[in-house]
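Analysis of the macromolecular model
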Amino acid sequence: MSELRSGLGEAAGAAFAALGLPADLGRVTASDRPDLADFQCNGALAAAKSGAGPPREIAARIAAALAASPLVATAEIAGPGFVNIRVSDGALAARAAELAADPRSGARRVQASRRVIVDYGGPNVAKEMHVGHLRASIIGEAIKRLFRFLGDEVQGDAHFGDWGFQMGLLIIACGDEDPDIAALVDNSAPGPADEAILDRIGLDDLDRLYPAAAARAKTDPAYRDRARRATADLQAGKAGALFLWRHFARVTKVALERDFHTLGVDFDLWRGESDVDPLIAPMVADLAIKGLLVDDAGARIVRVAREDDKRPAPPLLVVSSEGSAMYGTTDLATILDRRTFFDPELCLYVVDQRQADHFLTVFRAAYLAGYASEGSLEHVGFGTMNGTDGKPFKTRAGGVLKLRDLIDMVAGKARERLAAADLGQELAPEDFQATALMVGVAALKFADLINYRGTSYVFDLERFSSFEGKTGPYLLYQAVRVKSLLRKAAEVGATPGPIAIADAAERELTLALDAFAGVLAEAYERRAPNLIAEHAFRLARSFSRFYGACPVLAAPDAQTRASRLALAQTTLAQLELALEVLGISIPERM
């Protein structure tokens, strides 16, 4: 049995077809007035516009046909020609039973699995992640999990920023601060005995040195030239420079894995710009052979503009006038590299939407060169996370907030809220801390994911850490409430049984459960995790109403108790799946 909306849509489509009208007029949607109906069909209005007759007359025929379906309790005409549909209790009970028996809670796999790479995160070597990395990490992880859950073969790539001028800046900055480091860089054969020198440099040192070096390079030409020479030495394979650079990457990855894992973000690939450096020279030669490279004021570019462009598309700068490869060159080489080891049919770039023009240029160049098929590269853009002042989120001192500090902030607020609500009192201290972190991360992630990715939003820690309203802690609280209910039921020997639908709250909960498959399919097509977040909230809210209106353990009879336990168990299973796709973990107790 498919979800109820699909079944009703097929019945309505057949009714329109029987009248000699297009079956797609039978599209059924959730009712705008759930107090009046569960679903509605507005196809009679469109049919009337095509000259098929008065809309209410058409609607009357469709309603009569629908009323004969076992799915339908009532089908009534409303307004100028809407058909309001109320699902039968039997159909709801049958659908609830089907969902209860399905470990995927009705979720359908894609018809044809694809190889997909999700490029997200985008951290830089030698820097701690800051709040600007948050949205790429959270949204990218949810999209990766969604595509994987629905059956695609997916690889998530962190795509390190680990090559280029910034590395040269760090090499000379470290050498200027420590003569032993400077000597190490000039060492033609560094070995294990030199590891102790590297141990003097931690991520905090790199985080401190880089901003000062970058600022100095802007005003000191001699310093800038030294950094360029160091970059060239690194990319030419100078042993000492590579030895130091590998240490930069190593200490950075430890911190990145810690922060990413705390957020429930885990990558399959930790590849970076350095991995494709060997491909750049032959790729540039290939672009030249294909006649795509054009000399332009000493630089070499690929023109990507098309005749139907509404505004000029800038060319891809492949080789600068100084002879160096550019950011776009590395991205193009990455597309070529991915084709060799994974051959993806789709590559999604979860990156700030302000990079839209850059990706348009790179993608078009890749299509022209034959490195990817048209439409297989997609920029999944997102807006910014702002503070309550409406500006990009920063520290009180005005600096960029480190991601680790933000995680600590939300965990601290969760501890306060748990204590204030008298929650977690029975937990051991270490379990309380772990639960508080879980609640804080849920607040952070849900606050982001509930928004459509293309919009910016204001992060309000006070509001998003609440156990009420549309928040992550509210969802966790409802899930933990179901877990507690099921534990108490097991203690008294109560078990789930056949589902019967009678109360309005049972109807509402079953309809919410039924919507899961359709929500996942739409989220997949639109690359929109917010639809899943919205569904999880609606489901949790429906369960809360059910819990308040329909006593479970104190049900009037054993059959009703077993039915309501089955609904509760099904709700928990689906809520766990939805939150798992979003990358949000649920504690056992709160």
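Look up a bit, the structure's there.
Presented here is an overview of the structure given in this document. Along each chain, residue indices are assigned from 1 in the same order as the chain's sequence is written. Per-residue local features of the predicted model are confined to residues with pLDDT of at least 70, and side-chain atom pairs are confined, for both listing and counting, to 80 or more; whole-chain, interface and lining totals are unaffected and use all residues. Excluded from the side-chain calculation are hydrogens and water; included are all heavy atoms of the structure.

Section: the sheet that holds strand β9 (residues 316-319)
In short, DSSP must find at least two bridges between two strands for them to pair. Only DSSP runs of H or I reaching four residues or more are called helices, and only runs of E reaching two or more are called strands; each is numbered from the N terminus. Within the open sheet, the 3 strands sit side by side as β7-β8-β9. Their pairing is antiparallel. Each edge of the open sheet is held by one strand with a lone partner, namely β7 (293-296) and β9. Strand-to-strand twist of the sheet, defined as the mean angle between neighbouring strand axes without regard to direction, takes the value 45°. Summarising the sheet, β7 and strand β8 (residues 299-302) pair through 4 bridges and their orientation is antiparallel. Within the sheet, the bridge partner assigned to Leu293 lies in β8 and is Val302. For helices, the fitted axis covers only the stretch in contact; all axes are lines through C-alpha atoms, and the angles between them, taken along N-to-C directions, range from 0 to 180 degrees.

Considering unusual backbone geometry
Non-glycine residue Ser105 carries a positive phi angle of around 55°. In this structure, Ser105 sits in the loop between α4 (89-101) and β5 (115-119). When accessible area is computed with a 1.4 Å probe and restricted to protein chains, residues below 20% of their type maximum are described as buried, those above 50% as exposed, and intermediate ones as partly exposed. A relative accessible area of 2% means that Ser105 is categorised as buried. For Asp422, which is not a glycine, the phi torsion comes out positive at approximately 55°. Topologically, Asp422 is positioned in the loop between α15 (403-420) and α16 (429-449).

Side note on the sheet that holds strand β2 (residues 39-41)
Reading across from one edge, β1-β2-β4-β3 is the order of the 4 strands in this open sheet, with antiparallel pairing throughout. The open sheet has two free edges, formed respectively by β1 (28-30) and β3 (72-78), since each of these has just one partner strand. Adjacent strand axes in the sheet meet at a mean angle of 30° when their direction is disregarded. Where β3 meets strand β4 (residues 82-87), 6 bridges bridge the pair, whose relative direction is antiparallel. Counterpart to Glu76 in the pairing with β4 is Asn84. Note on contacts: a residue pair qualifies if any of its non-hydrogen atoms lie within 4.5 Å across the two residues. Helix α3 (residues 55-67) rests against β3 and β4 of the sheet, and its axis sits at about 175° to β3.

Keep in mind these values describe shape, not function.
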